[in-house]
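Chain and residue survey
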Amino acid sequence: MDRIRIRGGRPLSGEIAISGAKNAALPLMAAGLLTEERLILANVPRLEDIRTMTTLLAQHGLEVAPLDPERRRLAIGGLIRNTEAPYDIMRKMRASILVLGPLLARAGEARVSLPGGCAIGTRPVDLHLKGLEQMGAEIRLEGGYIAARVAGRLRGASIVFPSVSVGATENLLMAASLADGVTELSNAAREPEIEDLARCLNAMGARIGGIGTGHLTIEGVARLSGAEHSIMPDRIEAGTYACAAAVTGGEIVLRNARPDHLGAVVRTLGCSGVDVSETPEGMRVARRNALAGADVMTEPYPGFPTDLQAQFMAVMAVAEGASMITETIFENRFMHVPELNRMGARINVHGSSAIVRGVPELSGAPVMASDLRASVSLIVAGLAAHGETTVNRVYHLDRGYDRIEQKLAACGADIERIPG
């Protein structure tokens with residue numbers, strides 16, 4: 001099994017190109033199930049999760065073909081020949097549940113395994129299922145599978161989410177695009193990735209209003225056509241590299257990054273003594289002085305993203321003073337804390353909050369990754385640590401970061417992948 005070795009203490013300097021967003025690419029690929037025509041996606045990141053979604057769509061009967069040697073452009077299209085999404089694929093990635101709505105809307109039936117993925121807490125799919133039932137679907141849970149069927153087309157409905165759910169918003173948004181009548185989604189998630197999906201669906205012929213707000217209105221159409229769409233830049237990748245620049249005292253330009261997608265992160269880093277500014281290329285991140293502790297609470301967009309909580313904690317581990325980091329989205333998302341403490345951090349967890357007391361320096365150590373964002377938080381910590389850090393179980397990392405060791409090495413980091 002591959003490992004990542006880091007010798008820390010080098011400030012980052014240079015430029016990093018931000019890849020297409022994983023969390024936008026996966027629902028956009030699932031949207032290919034909504035039409036027989038070709039959906040062409042550009043700026044596709046090279047990630048393990050993209051390969052998993054490619055395999056899933058292929059077994060449904062779709063062709064997913066690269067249009068260039070770098071596989072940055074994919075063409076998706078074809079007839080649905082199989083409406084079952086098997087456990088062997090679904091267990092690898094929670095986002096695979098996003099095929100449920102499109103399969104049901106286009107084929108009238110679906111048998112989808114309950115999904116797997118990172119062990120960061122329960123992410124139930126009840127909001128997905130309740131919404132589809134309101135649209136006329138009959139749903140049963142049997143043997144670890146969701147069996148769904150609808151007579152004719154799904155029907156438009158007024159759906160109020162009791163809590164904000166990105167996945168449920170995406171699934172119902174796609175399903176409603178082919179429903180009979182108008183669907184209203186209230187208290188919908190507002191993440192930029194949902195806006196990206198909605199704009200692509202509209203390019204395919206959907207009629208979606210309220211894009212970018214918590215109230216989406218979808219006027220269903222009988223069929224969707226093909227389209228071309230460029231995937232938005234990955235705000236979580238950009239935020240991760242911003243944390244890497246902050247923790248090392250470096251200065252980097254993040255090409256293609258969108259500061260407007262990272263408002264809460266930019267403000268929090270500013271409170272910690274890190275300058276973030278917009279540039280013609282994207283955004284510049286620079287740390288001029290010592291880091292200062294800052295409190296943060298994860299929240300749905302536009303709040304501080306849970307997917308950057310672990311990385312920010314690694315930064316706060318070497319900040320002056322104490323910080324409180326509160327996790328409100330997932331209950332098991334502090335599994336990186338023991339590994340950071342192995343490197344000399346002083347972090348105590350109390351329920352859903354972690355108290356981080358900054359130390360002058362971290363020490364390199366062998367550490368173990370537990371999930372995708374925990375993996376990269378250990379790399380961020382290793383970049384600042386004295387000595388050598390080895391991050392084990394980096395297969396998590398490959399699900400969400402495109403060539404991270406190469407991008408960091410190009411900015412002066414002493415980092416390499418050691419094949420297992």
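Everything below is about the structure shown above.
Now for a quick tour of the structure. (Residues numbered from 1 in each chain as written. Predicted model: local features only at pLDDT ≥ 70, side-chain atom pairs only at ≥ 80, totals over all residues. Heavy atoms only, no water.)

Inside soluble globular proteins, nonpolar side chains tend to come together where they are buried. Counting 76 residues, the largest nonpolar core has Leu 173 and Leu 201 as its most contacted members. With sequence-adjacent residues up to four places away left out, Leu 201 is seen in contact with Ala 31, Leu 34, Leu 173, Met 174, Ser 177, Ala 206 and Ile 208. In this structure, Tyr 241, Ala 246, Leu 291 and Leu 340 belong to the second largest nonpolar core, which totals 69 residues. (Core = buried A, V, L, I, M, F, W, Y, C linked by side-chain atoms within 4.5 Å. Buried < 20%, exposed > 50% of the residue type's maximum accessible area, 1.4 Å probe, protein only. Contact = heavy atoms within 4.5 Å.)

Before going further, it helps to examine helix α4 (residues 100-107). Extensive coverage of α4 is indicated by the burial of six of its eight residues. For α4, the complete set of buried residues consists of Leu 100, Gly 101, Pro 102, Leu 103, Leu 104 and Ala 105. One or two steps after α4, the chain reaches Gly 108, where phi turns positive at roughly 85°. (Helix = DSSP H or I, 4+ residues; strand = E, 2+ residues; numbered from the N terminus.)

A word on the side chain of Arg 373. Structurally, Arg 373 can be placed in helix α12 (residues 372-384). A relative accessible area of 3% means that Arg 373 is categorised as buried.

Here we take up the pattern of salt bridges. The full count for this structure, using the stated rule, is 32 salt bridges. Between Asp 2 and Arg 417 there is a salt bridge whose closest N-O contact spans 3.2 Å. Of the two residues, Asp 2 is situated in the segment before β1 (3-7) and Arg 417 in strand β24 (residues 414-418); the sequence distance between them amounts to 415 residues. The salt bridge involving Glu 70 is made with Arg 46; its shortest N-O contact spans 2.9 Å. Taken together, the residues Glu 70 in the loop between β4 (63-66) and β5 (74-77) and Arg 46 in the loop between β3 (39-42) and α2 (48-59) connect sequence positions 24 residues apart. (Salt bridge = Lys/Arg side-chain N within 4 Å of Asp/Glu carboxyl O.)

A separate point is the sheet that holds strand β6 (residues 84-85). Pairing within the open sheet is mixed, and its four strands lie in the order β6-β7-β9-β8. The open sheet has two free edges, formed respectively by β6 and β8 (138-142), since each of these has just one partner strand. One ladder, built from five bridges, connects strand β7 (residues 109-113) with strand β9 (residues 145-149); its direction is antiparallel. Bridge assignment links Ser 113 to a residue of β9, and that residue is Tyr 145. Where α4 meets the sheet, it contacts β7 and β9, and its direction lies at approximately 160° from that of β7. (Pairing = 2+ DSSP bridges. Axes fitted to C-alpha atoms, helices over the stretch in contact; angles between N-to-C directions.)

This part takes up unusual backbone geometry. As a rule of thumb, non-glycine residues mostly have phi less than zero, and peptide bonds are mostly trans rather than cis. Of note, the amide linkage connecting Tyr 301 to Pro 302 takes the cis form, showing an omega dihedral of 15°. Its place among the elements puts Pro 302 in the loop between β18 (296-297) and α10 (309-316). Unusually for a residue other than glycine, Arg 393 sits at a positive phi of about 60°. As for its position among the elements, Arg 393 is in the loop between β23 (388-392) and α13 (395-398). Owing to a relative accessible area of 31%, Arg 393 belongs among the partly exposed residues under this scheme. If you check the backbone angles, Arg 403 has positive phi at about 55° while not being a glycine. If you trace the backbone, Arg 403 turns up in the loop between α13 and α14 (404-409).

Of the two faces of β3, both are covered, the one formed by Leu 39 and Leu 41 as well as the one formed by Ile 40 and Ala 42. Where β3 lies against β5, three bridges are found, and the strand directions are antiparallel. What sits directly across from Ile 40, in β5, is Ala 75. Inspection of the sheet shows β3 paired to strand β14 (residues 227-230) by four bridges, in the parallel sense. Within β14, the position partnered with Ala 42 by the bridge is Ser 230.

What follows concerns the sheet that holds β1. Here we have four strands laid out as an open sheet, ordered β22-β23-β1-β24, and mixed in their pairing. The open sheet terminates on both sides in strands that have one partner only, identified here as β22 (366-368) and β24. Averaged over neighbouring strand pairs, the angle between their axes works out to 20° when direction is ignored. Where β1 lies against β24, five bridges are found, and the strand directions are antiparallel. Counterpart to Arg 3 in the pairing with β24 is Ile 418.

This paragraph deals with helix α9 (residues 263-271). Turning to α9, its buried residues number three or more, namely Ala 264, Val 265, Thr 268 and Leu 269. Projected down its long axis, α9 carries its buried residues within an arc of 130°, all on one side. In α9, the exposed positions that point more than 90 degrees away from the buried face belong to Arg 267 and Cys 271. Of the residues trailing α9, Gly 273 is marked for its positive phi of about 100°. (Arc of directions from axis to C-beta.)

Take Arg 207: it is sitting in strand β12 (residues 207-209). The spatial distance from the C-alpha of Arg 207 to the C-alpha of Val 221 is 7.6 Å, given a sequence separation of 14 residues. Excluding its chain neighbours within four sequence positions, the residues that come into contact with Arg 207 are Asn 202, Thr 217, Ile 218, Glu 219 and Val 221.

This part covers the packing of helix α8 (residues 235-248) against α12. To describe two helices that pack against each other, one gives the angle between their axes and the distance between the axes. At a minimum axis distance of 8 Å, the contact between α8 and α12 shows a crossing angle of 25°. In this view, α8 runs roughly parallel relative to α12, as classed from their interaxial angle. Where α8 crosses over α12, the handedness of that crossing is right-handed. Of α12, the residues touching α8 (which contributes Ile 236, Thr 240, Cys 243, Ala 244, Val 247 and Thr 248) are Arg 373, Val 376, Val 380, Leu 383 and Ala 384. Of the residues contributing to the contact of α8 with α12, the split by class is eight nonpolar, two polar and one charged. (Parallel < 35°, antiparallel > 145°, perpendicular 65-115°, else oblique. Left-handed = near helix turned anticlockwise from the far one by under 90°. Nonpolar A, V, L, I, M, F, W, Y, C, P; charged D, E, K, R; others polar.)

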